[in-house]
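Each chain is listed here by its residues.
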Amino acid sequence: MSTILKAVHFKETALVIASAMGLKVTVEDSKCIQANAFLQAGIFQEFLIKEEQVTFKINLTVLLECLNIFGSSSTPGSTTALRMCYAGYGSPLVLMLEEGGVLTNCSIKTQEPDETLDFNFCSTNVINKIIMKSECLKEAFNELDMTSEILQILMSPDKPYFRLSTFGNAGSTHSDFPKESDMVEAFNCTQTQTNRYKVSLLKPSVKALSSSVRVSIRTDNRGFLSLQFMIKNEDGQVCFVEYYCAPDEDMEEDYDS
């Protein structure tokens, strides 16, 4: 569970929404980026909720510290058992962790939930979509010039198909991905689209990328970006983390002028 939450831990607080489907943990920044971690009910041995939906805000930094309370001192091969309880509005989130016969209780104060951004990212408005193995994108991100303020993403049904570009102190750099590559598992691009995004907003998604095995990259008709990461936990169960990022219109004007 901590692996998935770490993938969206770029701000101190998070919104938690619990429903019969499982847990959704949302983190936002600057009204330009939103990350959602989905923990399906099926990954828990037991998942019980008495209301249709429960929502609260919590300090994600504290939650992760509690989840990792046994730390690296854990006995090799041992697992930590976790039980989480929330009694309702205004109540703390109570964690009970057990490992090797040692029991620890944590009580984390919950807060009034904020309204989250609606990026209105609808699949019917998706223009381009690529699914690829994360390993390939990790290498490309490592090679990009991070002195650049922006990352330009080109997706097209024609060559170069999928290109990442930066414009840093050393000049411009490009990474191209042919659609026939073994690393590309699905390629559905209907029109040429070039959008620019602030590197500072995309940097948090590298945490999710480093833990993932596959990534889905989508852009809609407004140039909004969706990055969906498939992450397998220690038991081989699959969870998803999704990042939404708005294009940087100010920088588009600067670079075009």
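To be clear, the structure that these remarks concern was listed above.
Residues numbered from 1 in each chain as written. Predicted model: local features only at pLDDT ≥ 70, side-chain atom pairs only at ≥ 80, totals over all residues. Heavy atoms only, no water.

Colleague: How do you make sense of the sheet that holds strand E6 (residues 93-99) when you look at a structure like this?
Modeller: Strands belonging to one sheet form pairs held by backbone hydrogen bonds; the direction of such a pair is parallel or antiparallel. The three strands are arranged E5-E6-E7 in an open sheet whose pairing can be described as antiparallel. Each end of this open sheet is capped by a strand with a single partner; those strands are strand E5 (81-86) and strand E7 (102-108). Pairwise comparison of adjacent strand axes, ignoring direction, gives a mean angle of 15° for this sheet. The pairing of E5 with E6 spans six bridges and is classified as antiparallel. Pairing of Tyr86 across the sheet is with Leu93, part of E6. Against the sheet, helix H2 (residues 60-67) contacts E5, E6 and E7, and its axis sits at roughly 25° relative to E6. (Pairing = 2+ DSSP bridges. Helix = DSSP H or I, 4+ residues; strand = E, 2+ residues; numbered from the N terminus. Axes fitted to C-alpha atoms, helices over the stretch in contact; angles between N-to-C directions. Contact = heavy atoms within 4.5 Å.)

Colleague: Could you clarify how one ought to interpret unusual backbone geometry in this entry?
Modeller: Backbone torsion omega between Lys159 and Pro160 reads 5°, so that peptide bond is classified as cis. Looking at where Pro160 falls in the secondary structure, it is placed in the loop between strand E10 (150-155) and strand E11 (162-168). Even without a glycine there, the phi angle at Lys31 is positive, about 55°. Tracing the sequence through the fold places Lys31 in the loop between strand E2 (22-29) and strand E3 (33-40).

Colleague: What is the right way to look at helix H3 (residues 134-143) in this model?
Modeller: In an α-helix there are 3.6 residues to a turn, and that puts residues three or four apart on one side. Residues of H3 that are buried include every one of Ser134, Cys136, Leu137, Ala140 and Phe141, and no others. Here the buried residues of H3 occupy an arc of 155° about the axis, which is enough to place them on one side. Residues of H3 that are exposed and point over 90 degrees away from its buried face: Asn142 and Glu143. (Buried < 20%, exposed > 50% of the residue type's maximum accessible area, 1.4 Å probe, protein only. Arc of directions from axis to C-beta.)

Colleague: I would appreciate a short explanation of the layout of surface pockets in the present structure.
Modeller: Rolling a probe over the atoms, with the probe sized like a water molecule, indicates the empty space that remains. By volume, the largest pocket is sized at about 1700 Å³. Along the walls of the largest pocket sit 43 residues, with Met1, Phe44, Leu82, Arg83 and Met84 positioned nearest its centre. Counting only elements with at least two residues in the lining of the largest pocket, the list comes to helix H1 (2-6), strand E1 (13-19), E2, strand E4 (53-59), H2, E5 and E6. The biggest single contributor to the lining of the largest pocket is E5, with six residues. Of the residues that constitute the lining of the largest pocket, the class distribution is 25 nonpolar, eleven polar and seven charged. Its volume calculated, the second largest pocket comes out at about 190 Å³. Lining the second largest pocket are Lys11, Glu12, Thr13, Ala14, Leu15, Thr26, Val27, Glu28, Lys57, Asp114, Glu115 and Thr116. Contributing elements (two or more residues each) for the lining of the second largest pocket: E1 and E2. In the lining of the second largest pocket, the residues fall into three nonpolar, three polar and six charged. (1 Å grid on protein atoms, 1.4 Å probe; cavity = no way out; pocket = protein on both sides within 12 Å on 5 of 7 lines; lining within 4 Å. Points joined across faces, edges and corners; volume = space filled by probe spheres on them. Nonpolar A, V, L, I, M, F, W, Y, C, P; charged D, E, K, R; others polar.)

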